[in-house]
Amino acid sequence: MNSKPLTKKQMEVLNFMHLYFRNNDQLPPPDAIQARFGWKSPNAVTCARKALESKGWIELNEAGKFRFY
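All of the points below concern the structure found in this document. Note that this is a predicted model, so its numbers are computed, not measured. (Residues numbered from 1 in each chain as written. Predicted model: local features only at pLDDT ≥ 70, side-chain atom pairs only at ≥ 80, totals over all residues. Heavy atoms only, no water.)

### Focus: the layout of surface pockets
Approximately 200 Å³ is the volume found for the largest pocket. Around the largest pocket sit Met17, Leu27, Pro28, Pro29, Pro30, Arg49, Gly64, Lys65 and Phe66, which together line it. Taken together, the residues of the lining of the largest pocket break down into 6 nonpolar, 1 polar and 2 charged. (1 Å grid on protein atoms, 1.4 Å probe; cavity = no way out; pocket = protein on both sides within 12 Å on 5 of 7 lines; lining within 4 Å. Points joined across faces, edges and corners; volume = space filled by probe spheres on them. Nonpolar A, V, L, I, M, F, W, Y, C, P; charged D, E, K, R; others polar.)

Written out as structure tokens, the structure is:
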């Protein structure tokens, strides 16, 4: 896992996800990520999460929820 390096923004998103998880015992909902980074489109969150998934840093579990490797 974790085979491909992340861009600076992808690392920021991943770090935010880890921090949110530590504080809330769950991964952040898309609107929390969108608000944190000031993105206008929810699609930006989808793209960011798909990039983290394709690079092996997070995965979708059987229930369709993201989890960390």
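Next comes the rest of the description.
### Details of the packing of helix H1 (residues 8-24) against helix H2 (residues 30-37)
Packed helices, taken two at a time, are described by their axes: the angle between them and the distance between them. Running from N to C, H1 and H2 cross one another at 125 degrees; their axes reach a closest spacing of 11 Å. Judged by the inter-axis angle, H1 sits oblique to H2. You can see that H1 and H2 cross each other, and the crossing is right-handed. Contacts between H1 and H2 involve Lys9, Glu12, Val13, Phe16, Met17 and Tyr20 on the former and, on the latter, Ala32, Ile33, Arg36 and Phe37. Across the contact of H1 with H2, the residue classes tally to 7 nonpolar, no polar and 3 charged. (Axes fitted to C-alpha atoms, helices over the stretch in contact; angles between N-to-C directions. Helix = DSSP H or I, 4+ residues; strand = E, 2+ residues; numbered from the N terminus. Parallel < 35°, antiparallel > 145°, perpendicular 65-115°, else oblique. Left-handed = near helix turned anticlockwise from the far one by under 90°. Contact = heavy atoms within 4.5 Å.)

### Some thoughts on the environment of Ala32
Take Ala32: it is sitting in helix H2. Considered as a pair, Ala32 and Lys65 are 33 residues apart in the sequence and their alpha carbons are 16 Å apart. Excluding its chain neighbours within four sequence positions, the residues that come into contact with Ala32 are Phe16 and Tyr20.

### Description of the nonpolar core
In terms of nonpolar packing, the biggest core is built from 16 residues, with Val13, Met17, Ile33, Trp39, Leu52 and Ile58 touching the most fellow members. Of all the secondary structure elements, the ones that give two or more residues to this core are H1, H2, helix H3 (42-54) and strand E2 (66-68). The element that contributes the greatest number of residues to this core is H1, accounting for 5 residues. Sequence-distant contacts of Leu52, that is, excluding residues within four places in its chain, are made with Leu6, Gln10, Val13, Leu14, Met17, Trp57 and Ile58. (Core = buried A, V, L, I, M, F, W, Y, C linked by side-chain atoms within 4.5 Å. Buried < 20%, exposed > 50% of the residue type's maximum accessible area, 1.4 Å probe, protein only.)

### Describing the packing of aromatic side chains
Per the counting criterion, the structure on display carries 3 aromatic pairs. Judged by centre distance (6.0 Å) and plane angle (55 degrees), the rings of Phe16 and Tyr20 are tilted. Pair noted here: Phe16 and Tyr20 are both in helix H1, with a separation of 4 residues, about one helical turn. By the burial criterion, Phe16 is buried, and Tyr20 matches it. Considering the side-chain rings of Phe37 and Trp39, the 5.1 Å spacing of their centres and the 20 degrees angle between planes classify their relative orientation as stacked. Of the two residues, Phe37 and Trp39, neither departs from the other in class, the shared state being buried. When the ring centre of Phe37 is taken as origin, the NZ or CZ atom of Arg36, which lies over that ring, is 4.7 Å away. (Phe/Tyr/Trp six-rings, centres within 6.5 Å; stacked < 30°, edge-to-face > 60°. Lys NZ or Arg CZ within 6 Å of the ring centre and 35° of its normal.)

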